[in-house]
Amino acid sequence: MATSLGSNTYNRQNWEDADFPILCQTCLGENPYIRMTKEKYGKECKICARPFTVFRWCPGTRMRFKKTEVCQTCSKMKNVCQTCLLDLEYGLPIQVRDTGLAIKDEVPKSDVNKEYYTQNMEREIANSDGSRPVGQLGKATSSSDMLLKLARTTPYYKRNRPHICSFWVKGECKRGEECPYRHEKPTDPDDPLADQNIKDRYYGINDPVADKLLKRASTMPRLDPPEDKTITTLYIGGLGDTVTDGDLKSHFYQFGEIRTITIVQRQQCAFIQFATRQSAEMAAEKSFNKLIINGRRLTVKWGRSQAARGKEGVKDGVSEMGTRLDPVPGLPGALPPPPALDEEAPANYFNLDPSTSPAVMNIALPPPPGINPPPPGFGPPMFHPMGPMAPPMPPPMSMRPPGQIHYPSQDPQRMGAHAAHGSRHGD
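Overview of the structure. Here the structure is a predicted model, which means the values were calculated and not measured.

About the criteria used
Residues numbered from 1 in each chain as written. Predicted model: local features only at pLDDT ≥ 70, side-chain atom pairs only at ≥ 80, totals over all residues. Heavy atoms only, no water. Pairing = 2+ DSSP bridges. Helix = DSSP H or I, 4+ residues; strand = E, 2+ residues; numbered from the N terminus. 1 Å grid on protein atoms, 1.4 Å probe; cavity = no way out; pocket = protein on both sides within 12 Å on 5 of 7 lines; lining within 4 Å. Points joined across faces, edges and corners; volume = space filled by probe spheres on them. Nonpolar A, V, L, I, M, F, W, Y, C, P; charged D, E, K, R; others polar. Phe/Tyr/Trp six-rings, centres within 6.5 Å; stacked < 30°, edge-to-face > 60°. Lys NZ or Arg CZ within 6 Å of the ring centre and 35° of its normal. Axes fitted to C-alpha atoms, helices over the stretch in contact; angles between N-to-C directions. Parallel < 35°, antiparallel > 145°, perpendicular 65-115°, else oblique. Contact = heavy atoms within 4.5 Å. Buried < 20%, exposed > 50% of the residue type's maximum accessible area, 1.4 Å probe, protein only.

1. Let's talk about the sheet that holds strand β3 (residues 66–67)
Reading across the sheet, the three strands line up as β1-β2-β3 and stay open at both edges, with antiparallel pairing between neighbours. Taken across any chain shown, the strands that pair with only one partner, and hence form the sheet edges, are β1 (36–44) and β3. Where strand β2 (residues 51–57) and β3 come together, two bridges link them in antiparallel fashion. Paired with Arg-56 across the two strands is Lys-67, which belongs to β3.

2. Section: the layout of surface pockets
Approximately 1,600 Å³ is the volume found for the largest pocket. Residue assignment for the lining of the largest pocket shows that the elements contributing at least two residues are β3, α7 (198–203) and α8 (208–218). Looking at the lining of the largest pocket, the element that brings in the most residues is α8, giving four residues. Of the residues in the lining of the largest pocket, the class split is 18 nonpolar, six polar and 16 charged.

3. A look at the packing of aromatic side chains
This model, assessed by the stated rule, comprises five aromatic pairs. Between Trp-15 and Tyr-41 the ring centres are 5.2 Å apart and the planes differ by 65°, which places this aromatic pair in the edge-to-face class. A residue pair is termed long-range when its members are at least 10 positions apart, and Trp-15 in the segment before α1 (25–28) and Tyr-41 in strand β1 qualify at 26 residues. Over the ring of Tyr-156 we find Arg-152; its NZ or CZ atom is 4.6 Å from the centre of that ring. Here the guanidinium or amino end of Arg-277 rests over the ring plane of Trp-302, the centre of that ring lying 4.9 Å away.

4. So, the packing of helix α3 (residues 94–101) against α8
Contact geometry for α3 and α8: axes closest at 8 Å, N-to-C directions at 40°. Relative to α8, the element α3 is oriented oblique. Of the residues in α8, those touching α3 at Gln-95, Val-96 and Thr-99 are Ala-210, Asp-211, Leu-213 and Leu-214. Here the contact of α3 with α8 is composed, by residue class, of four nonpolar, two polar and one charged.

5. Re α3
Summarising burial for α3: seven of the eight residues are buried, a large majority. Among the residues making up α3, those that are buried are Ile-94, Gln-95, Val-96, Arg-97, Asp-98, Gly-100 and Leu-101. In this fold, the buried residues of α3 make contact with α2 (72–78), α5 (145–150), α7 and α8. Ala-102 occupies a position one or two residues after α3 and carries a positive phi of about 60°.

Below you can see the structure in the form of structure tokens.
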């Protein structure tokens, strides 16, 4: 039997004897059939240093063995699990919970004051029915919206995995698959989450997990009420075809008197106007990012004032309420559409005269390298095709009689045509 070195060694009436531990669902494990070992006065509490009954169990297959770390009195004072020291209601660290509830529960840290404080808490726990926490936590009036957003709703069994095998990290583990520890690369030693302390977790100071969650909460979107106090209208978007005005009324009537409910089917949205600003603020706070009706998650925003609605609410001739606006006389109309391009018309990339036949366009190109230029009289004509000495041009294609096709090789005016004709007759 382990005994404490403090003054409680001689005051055994303060030693704790329990039949079952106070655990969260994650630490208990997913196996409904679990075996625990119970050691009476096996360890001293890591907070109050009093001996208590230690429970040890395995939460599941390929999980590490877990045991209770603090006594049940310290657990009930903070309403936390005896093993992980997370809140039993929200599954969050104590620092996050106290910040969300705006409470400051300072537990004494000196031995004498801690013993006196613990005895008073035990007396209060004995006088309570056990349905509500004790101390400052029991005096908290309502829950916080931040805690509801950060709360863990399902168990996180991954937290029960074995620790990393230090021999495997050094390359010296010879157990292989039979090793009960994890063969994974460890995290960065500079990571703040790698340095956690059970006393800091319990007292709610310098908790790296709590700091990470509080930073996440500060970056979460929120809906701030507008400065104009006359705005009592909320915009509800994403209605679809299944949400009716009756569904909206049945949800929002709990926050106060509703003046009007206007549904715009074209934009699948609605505008709910409350009678008072206080009712609108309460509805916006309770429904922002949490409103689900008929299986649809709806968007909640504040409505705009009349001045802003007149400037920003008109778009493409449709007002914010979905009504079509008449055009203002005197304004220029829309620009005409560009002319349609004729796909059959040839593309004139060089801005040439369309009446000019490509057959008579004489473009003198230099001979390729290595080939002598043609003798005089056989090369391209030296006159301009449009000059007075140029041969007559053939008629355009549109002015030729039907059935007649012009071939440049059969042109009687081309050079050498008479000589070729005479040689054929001579043959």
